[in-house]
Amino acid sequence: MLENEDEKLLTVNDVRALRKEITLMHGALAKDVLEHTPLIKKVVDRFSDYGLDRIWTEKLLAPLAGTTLEEDEEILIAYVLEELDSLLKVEEEAKNLTKTVRVIVGATGIGKTSLIGKIAARYRYFLSKSHKVGFVNFDQHKVGSEEQLENYAEAMAITLVPIEAFFEEEYDLLLVDTAGGLGNNLKNLHDLIDLIDRNSDYAIEISLVLSATSKIKDLAYVNNAFAGLNITNFILTKLDETSDVSELVNFLIQEKKSVSYISTGQQIPEDLVVATKEYILNEFMKKNV
Ligand SMILES: Nc1nc2c(ncn2[C@@H]2O[C@H](COP(=O)(O)OP(=O)(O)OP(=O)(O)O)[C@@H](O)[C@H]2O)c(=O)[nH]1
Ligand SMILES: [Mg+2]
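You'll find the protein entered in an unreviewed UniProt entry as Flagellar biosynthesis protein FlhF, with uncultured Sulfurovum sp given as the organism. What the UniProt record of the protein gives under Subcellular location (unreviewed entry) is the line "Cell membrane". UniProt, in its Sequence similarities (unreviewed entry) section for the protein, records the words "Belongs to the GTP-binding SRP family."

Novice: I'd like a rundown of the sheet that holds strand E3 (residues 159-160), residues and numbers included.
Specialist: One open sheet holds the eight strands; their spatial order is E3-E2-E4-E1-E5-E6-E7-E8, and the pairing between them is mixed. Each having just a single partner strand, E3 and strand E8 (272-274) make up the two edges of the open sheet. Those strands touched by helix H5 (residues 112-126) are strand E1 (100-106), strand E2 (133-138), strand E4 (173-178), strand E5 (203-211), strand E6 (233-237), strand E7 (259-263) and E8, and its axis lies near 170° from that of E4. Packing against the sheet, helix H8 (residues 216-225) makes contact with E5 and E6, and its axis sits at approximately 155° to E5.

Novice: How would you explain the pattern of salt bridges if you had to name every residue and give the values?
Specialist: If you walk through the whole model with that rule in mind, you get 15 salt bridges. Between Asp218 and Lys215 there is a salt bridge; the shortest N-O distance is 3.4 Å. By relative accessible area, Asp218 is classed as partly exposed at 34%. Through salt bridges that share partners, Lys41, Asp45, Arg54 and Glu58 make up one connected network.

Novice: Could you give an account of the site of ligand 1, naming the residues involved and the relevant values?
Specialist: In the vicinity of ligand 1 there are 18 residues, among which Lys112, Thr113, Ser114, Asp240 and Ser263 approach most closely. Residue Asp240 places a side-chain N or O atom 2.7 Å away from a nitrogen atom belonging to ligand 1. At a separation of 2.9 Å, an oxygen atom of ligand 1 approaches a polar side-chain atom of Gln266. Against a free-state accessible area of 660 Å², the protein chains account for coverage of 83% of ligand 1.

Novice: Tell me what's going on with the pairing of E1, and back it up with residues and numbers.
Specialist: Across the seven residues that make up E1, a large majority, seven, are buried. Here E1 shows a buried face lined by Thr100, Arg102, Ile104 and Gly106 and a second buried face lined by Val101, Val103 and Val105. Inspection of the sheet shows E1 paired to E4 by five bridges, in the parallel sense. Looking across to E4, one finds that Ile104 is bridged to Asp177.

Novice: Describe the packing of aromatic side chains, and please don't skip the residues or the numbers.
Specialist: What the rule picks out here adds up to four aromatic pairs. A centroid spacing of 6.0 Å and a plane angle of 75° characterise the contact between Tyr50 and Phe284, whose relative ring orientation is edge-to-face. Placement of the pair is Tyr50 in helix H2 (residues 38-50) and Phe284 in helix H10 (residues 277-286), with a sequence separation of 234 residues. For the pair Tyr50 and Phe284, a shared accessibility class is recorded, and that class is buried. Three or more aromatic residues joined by ring pairs form one cluster here, namely Phe47, Tyr50 and Phe284.

The rules we used
- Throughout, a residue's number is its position along its own chain's written sequence, starting from 1.
- Numbering of ligands from 1 and lettering of chains from A proceed in the order in which they are written.
- Residues qualify for local features only when their pLDDT is at least 70, as the model is predicted, and side-chain atom pairs are given and counted only at 80 or more; totals for whole chains, interfaces and linings, by contrast, use all residues.
- With hydrogens and water stripped out, all remaining heavy atoms of the structure feed into the side-chain values.
- UniProt positions are given in the numbering used here, feature names are shortened, and annotations may be inferred rather than shown by experiment.
- Only when DSSP finds a minimum of two bridges between them are two strands counted as paired.
- We count a stretch as a helix when DSSP gives it H or I for four or more residues in a row; a strand needs E for two or more, and each element gets its number in order from the N terminus.
- Residues are treated as being in contact if the distance between any of their heavy atoms lies within 4.5 Å.
- Axis lines are fitted through C-alpha atoms, for helices just across the contact stretch, and the angle between N-to-C directions can take any value from 0 to 180 degrees.
- Salt bridges are defined as contacts in which a side-chain nitrogen from Lys or Arg sits within 4 Å of a carboxyl oxygen from Asp or Glu.
- To sort residues, take the accessible area from a 1.4 Å probe on protein chains only and compare it with the maximum for the residue type: under 20% means buried, over 50% means exposed, and anything in between is partly exposed.
- Put simply, a residue is near a molecule or strand once any heavy atom of it comes within 4 Å of that molecule or strand.
- Nitrogen and oxygen atoms within 3.5 Å of one another constitute a polar contact, given that in protein one can donate a hydrogen and the other can accept it, and given that sequence-neighbouring residues count only through two side-chain atoms.
- In these tables, accessible area is a Shrake-Rupley quantity obtained with a 1.4 Å probe, and a residue counts as shielded only by the protein chains included in the view.
- Stacked, tilted and edge-to-face are the three classes assigned to paired rings of Phe, Tyr and Trp, where Trp is represented by its six-membered ring and a pair needs centres within 6.5 Å; plane angles under 30 degrees give stacked, over 60 edge-to-face, the rest tilted.

Below is the structure:
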């Protein structure tokens, strides 16, 4: 047993308390600095009005106090945007897929099945290589889910592959639609991914769909719920239904995971863009400037 006070081991709670204290000190220091640098404060206020996490901007700009940069508002703004740009991650669209399974997961009603239709159209018709695409319905709970996918399959001349026939024929891209929601479905999803992994040499990609209309707490909640699935990338939906993507931006710069596509409306296949940092930052600045 350790008797010496100095040698007592720190518990997890001690570390948490310490970390909290350090964060508070950082915050206090940053505030102190900002009181004496009106331009930096102005820029922090401005981005805070835009919805950006205030503490994040304070921490970023406080070190510039006392440098020549603190006197130039435009440079300060550019500095923040530059930092946002470097923290946002986007994924280039793979233009030549073979034997790839893309599983689309996420909360209910978020636009998963619509995305399957839009992504299928790109790979089958819009990219220079016409891919052999198949749909797989793993949404066994919702009445009507099969019909929705069947309609897309028929309209686009894409095969709807029954789960039992998963490994019978080779596809460039198999798009797997899943039941929305958390809970029990997750266990089934794990089993499905294991099954594919063990029985085929398909590359597996798992895309978590997030709505731009969600609060940051909900985004984090859903992301945590699906974390066990090893999410490859995010797909953002419903960008057309909000004028304020700041919660989404705060979430993305914390998570540092790539965004692959952005859905901008209900029309299939039109309302889908390959994610770019410019698109996300433009949306962020649009309502504000
Ligand atoms: N405005 C808007 N609506 C969208 C977008 N994406 C999907 N929707 C609509 O949202 C509704 C639900 O879309 P689905 O694709 O069925 O969503 P889902 O995630 O498959 O839903 P569940 O299978 O019930 O979990 C439909 O009315 C879509 O047209 C988008 O980017 N913007
Ligand atoms: Mg669906």
